[in-house]
Amino acid sequence: MSVSPIELSHALVVSRLRAAGCVFAEDEARLLVSAARTAAELAAMVDRRTTGLPLEHVLGWAEFYGLRIGVEPGVFVPRPRTELLVTHAARLARPGAVVADLCCGTGAVGIALSAVVGPIELHAVDIDPAAVRCARRNLASAGRVYEGDLYRPLPDHLRGRVDLVTANAPYVPTEAIRLLPAEARDHEPLTALDGGADGLAVQRRLAAEASRWLRPGGALLVETSRRQAPGTSDVFARNGLVPRTARCDDLDATVVIGTLIPRTLR
Ligand SMILES: C[S@@+](CC[C@H](N)C(=O)[O-])C[C@H]1O[C@@H](n2cnc3c(N)ncnc32)[C@H](O)[C@@H]1O
């Protein structure tokens, strides 16, 4: 029985990926073989993957919420667990909602939210110029992308008007960074991962300023971990946000949703 060149490439790629320790060698090989336009391109992609570059950086995209999101080198790869953040934001958003996606990375959260809810007024922010470039490319005309620190670059006219602030901000405690997989440690920037001593440093700043930007009844949604969720909730409550926690064991995902109490009721 003859073997087609594609089957041959697939088998060779699987064996190289296996030898390099890739757990999902079959799936990865299928994606790499279908992405490469030439044999030379395939060989280069396999080389990059076997030296430890995340698959998504090799391919140039990640699957997120059923969508293909462009991922550029050095930019945080959107994780499946962050889909829970989108699901809960989508439950609260209506078409036309004003949404600020802070710490946007590739822009994945805002893009997925627009896909589920329909057109929204999306403002995305990241402090890392590489992430801002990537998000601008991904969002195109679907939203505005600003470079800067959390709320700082948002236009003043949004104060008190924002329906939802979404943030998958860095929340890994500094000491735990060394325990992350090498793919993350070596190929994603520390600013995307490091949440300070207890992992909640950026969340504290997000919560502290939320009431200046959210409309009464609006909500701040952040991704956190199961272990950190009580701390995240406490930070929210101290800042006038009524917290509730959503959990999905299948995705190992935790989101804390804080609703801004109107000033008259505080
Ligand atoms: C964990 S990644 C999440 C990216 C994206 N939201 C996602 O879920 O794929 C955190 C992102 O926050 C950005 N970031 C860290 N500190 C920031 C700050 N003070 N202001 C704005 N962005 C920040 C990083 O550059 C990084 O892109």
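Residues numbered from 1 in each chain as written. Predicted model: local features only at pLDDT ≥ 70, side-chain atom pairs only at ≥ 80, totals over all residues. Heavy atoms only, no water.

J.: A description of the domain arrangement of the protein chain should follow, citing residues and the corresponding values.
T.: Domain parsing of the protein chain yields domain 1 (5-51) and domain 2 (80-265). Just the C-alpha atoms count here: the centres of domain 1 and domain 2 sit 35 Å apart. (Domains from an automatic or database assignment.)

J.: Tell me about unusual backbone geometry, residues and numbers included.
T.: The phi angle at Tyr-65 is positive, at roughly 55°, despite the residue not being glycine. Note that Tyr-65 resides in the loop between β1 (61-64) and β2 (67-70). (Helix = DSSP H or I, 4+ residues; strand = E, 2+ residues; numbered from the N terminus.)

J.: Any chance you could break down the layout of surface pockets for me, citing the residues and the numbers?
T.: Using a probe with the size of a water molecule, rolled over the atoms, empty space left in the structure can be pinpointed. Put simply, the second largest pocket is a space of about 160 Å³. Lining of the second largest pocket is provided by Asp-149, Leu-150, Tyr-151, Arg-152, Leu-154, Asp-156, Arg-159, Arg-205, Glu-209, Arg-212 and Trp-213. (1 Å grid on protein atoms, 1.4 Å probe; cavity = no way out; pocket = protein on both sides within 12 Å on 5 of 7 lines; lining within 4 Å. Points joined across faces, edges and corners; volume = space filled by probe spheres on them.)

J.: I'd like to hear about helix α6 (residues 108-117), residue by residue, with values.
T.: Summarising burial for α6: eight of the ten residues are buried, a large majority. Within the sequence span of α6, burial applies to Ala-108, Val-109, Gly-110, Ile-111, Ala-112, Leu-113, Ser-114 and Val-117. In the segment just after α6, Gly-118 is the residue with positive phi, at about 105°. (Buried < 20%, exposed > 50% of the residue type's maximum accessible area, 1.4 Å probe, protein only.)

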